Amino acid sequence: MKILDEKTKEKLDELLQMECDMINRFFDRSEAAGVAMLGNSLKSFRENYLVKKYGDVIPGMCSEYRVFIVGVLKGIKEEYQPTALSNILIPKAKQLGDAELLKILQD
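Since the structure is predicted, the reported quantities are computational estimates derived from the model, not experimental observations.

Parameters at a glance
Residue positions are given per chain, counted from 1 along the sequence in the order it is written. For this predicted model, a pLDDT threshold of at least 70 governs which residues receive local features, and a threshold of 80 or more governs which side-chain atom pairs are given and counted, while totals over whole chains, interfaces and linings are taken from all residues. Only hydrogens and water are set aside when side-chain values are computed; all heavy atoms of the structure are taken into account. Each helix is a run of DSSP H or I of at least 4 residues and each strand a run of E of at least 2, with the numbering of both proceeding from the N terminus. Per-residue accessibility, obtained with a 1.4 Å probe over protein chains only, is compared with the maximum for each type, and a residue is labelled buried under 20%, exposed over 50%, and partly exposed between these values. It only takes one pair of heavy atoms within 4.5 Å for two residues to be counted as in contact. Note on areas: these come from Shrake-Rupley sampling with a 1.4 Å probe, and a residue is covered only by the protein chains present in the view. Aromatic contacts are taken between Phe, Tyr and Trp rings whose centres are within 6.5 Å, Trp giving its six-membered ring; a plane angle under 30 degrees counts as stacked, one over 60 as edge-to-face, and the others as tilted. Orientation is described by axes fitted as lines to C-alpha atoms, over the contacting stretch for helices, and by angles from 0 to 180 degrees between their N-to-C directions. Orientation labels follow simple angle bins: below 35 degrees gives roughly parallel, above 145 gives roughly antiparallel, 65 to 115 gives roughly perpendicular, and whatever is left gives oblique. The classification used treats Ala, Val, Leu, Ile, Met, Phe, Trp, Tyr, Cys and Pro as nonpolar, Asp, Glu, Lys and Arg as charged, and all other residues, Gly among them, as polar. Multiplying one less than the number of residues by 1.5 Å gives the expected span of a helix. One speaks of a salt bridge when a side-chain nitrogen belonging to Lys or Arg is within 4 Å of a carboxyl oxygen belonging to Asp or Glu. By construction, the arc corresponds to the directions joining the helix axis to the C-beta atoms.

S.K.: Whenever I open this one, the overall build of the protein chain confuses me. Can you help?
M.R.: Summing up its helical and strand segments, the protein chain has 5 helices and 0 strands in all. By the burial criterion, 36% of the 107 residues in the protein chain qualify as buried. Of the contacts made within the protein chain by residues no fewer than 6 positions apart, 62% connect residues no fewer than 24 positions apart. Summed over its atoms, the accessible surface of the protein chain is roughly 7100 Å², and 56% of this surface lies on carbon and sulfur atoms.

S.K.: Would you mind going over the packing of aromatic side chains with me for this structure?
M.R.: Think of a pair of aromatic rings as described by two things: how far the centres are apart, and how the planes are tilted against each other in angle. Summed over all chains, the structure comprises 4 aromatic pairs. When the centroid spacing of 4.7 Å and the interplanar angle of 10 degrees are considered together, the rings of F27 and Y80 count as stacked. With F27 in helix α1 (residues 6–29) and Y80 in the loop between α3 (63–75) and α4 (81–89), this pair connects stretches of sequence that are 53 residues apart. Exposure class is identical for F27 and Y80. Each is buried. By the ring-pair criterion, three or more aromatic residues cluster together here, those being F45, Y49, Y65 and F68.

S.K.: Just checking my understanding: could you explain the packing of α3 against α4 for this structure?
M.R.: Packed helix pairs are specified by the crossing angle of their axes together with the interaxial distance, meaning the distance between the axes. Packing of α3 against α4 brings their axes to within 9 Å, and their N-to-C directions diverge by 155 degrees. The orientation of α3 relative to α4 falls into the category roughly antiparallel. Only Q81, A84, L85 and I88 of α4 make contact with α3, whose side of the interface consists of I69, L73 and K74. Residue composition of the contact of α3 with α4, grouped by class: 5 nonpolar, 1 polar and 1 charged.

S.K.: Which parts of the structure should I look at to understand α3?
M.R.: Two residues of an α-helix separated by three or four positions point the same way, owing to the 3.6 residues in each turn. The end-to-end C-alpha distance of α3, which contains 13 residues, comes to 18 Å, matching closely the 18 Å that a straight helix rising 1.5 Å per residue would cover. Regarding α3, the residues found buried are S63, E64, F68, I69, G71, V72 and L73. Lining the buried residues of α3 we find α1, α2 (31–54) and α4.

S.K.: What is the right way to read the pattern of salt bridges from this model?
M.R.: Close approach of charged atoms lets side chains of opposite charge pair. Enumeration over the complete set of coordinates arrives at 5 salt bridges. Here R25 and D21 are joined by a salt bridge, their closest N and O atoms 3.2 Å apart. In this pair, R25 and D21 are both assigned in helix α1, 4 residues apart and thus about one turn of the helix distant. When its relative accessible area of 37% is taken as the criterion, D21 is described as partly exposed.

S.K.: What exactly am I supposed to notice about α4 here?
M.R.: Taken residue by residue, α4 has T83, A84, N87 and I88 as its buried positions. An end-on view of α4 places all buried positions within 130 degrees of arc, on one side of the element. Across from the buried face of α4, at angles greater than 90 degrees, the exposed residues are P82 and L89. In this fold, the buried residues of α4 make contact with α1, α2 and α3.

The values are spatial; any link to function lies outside them.
See the structure below:
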């Protein structure tokens, strides 16, 4: 497992703060919206950060992904943590696009 430098830690902390805020807002609207936002957040992190850094094969002991997962779980409100943990371990929601997430919020 690679030790992260301070700059990377700071960037991850900033990203986690924004992601957790959005995930909590979506959970406040509904559980389905929160689960969808959580799934999209994890997918986006993998595709837009990890794949660009490591390529298609991401190391199993990837420090950034572990920090991100633990940070998300710590940053989600306590009442939503069981649902979030369950969906991180065994994803149940299909990946939704931005338009579908907005529709859930409008409904």
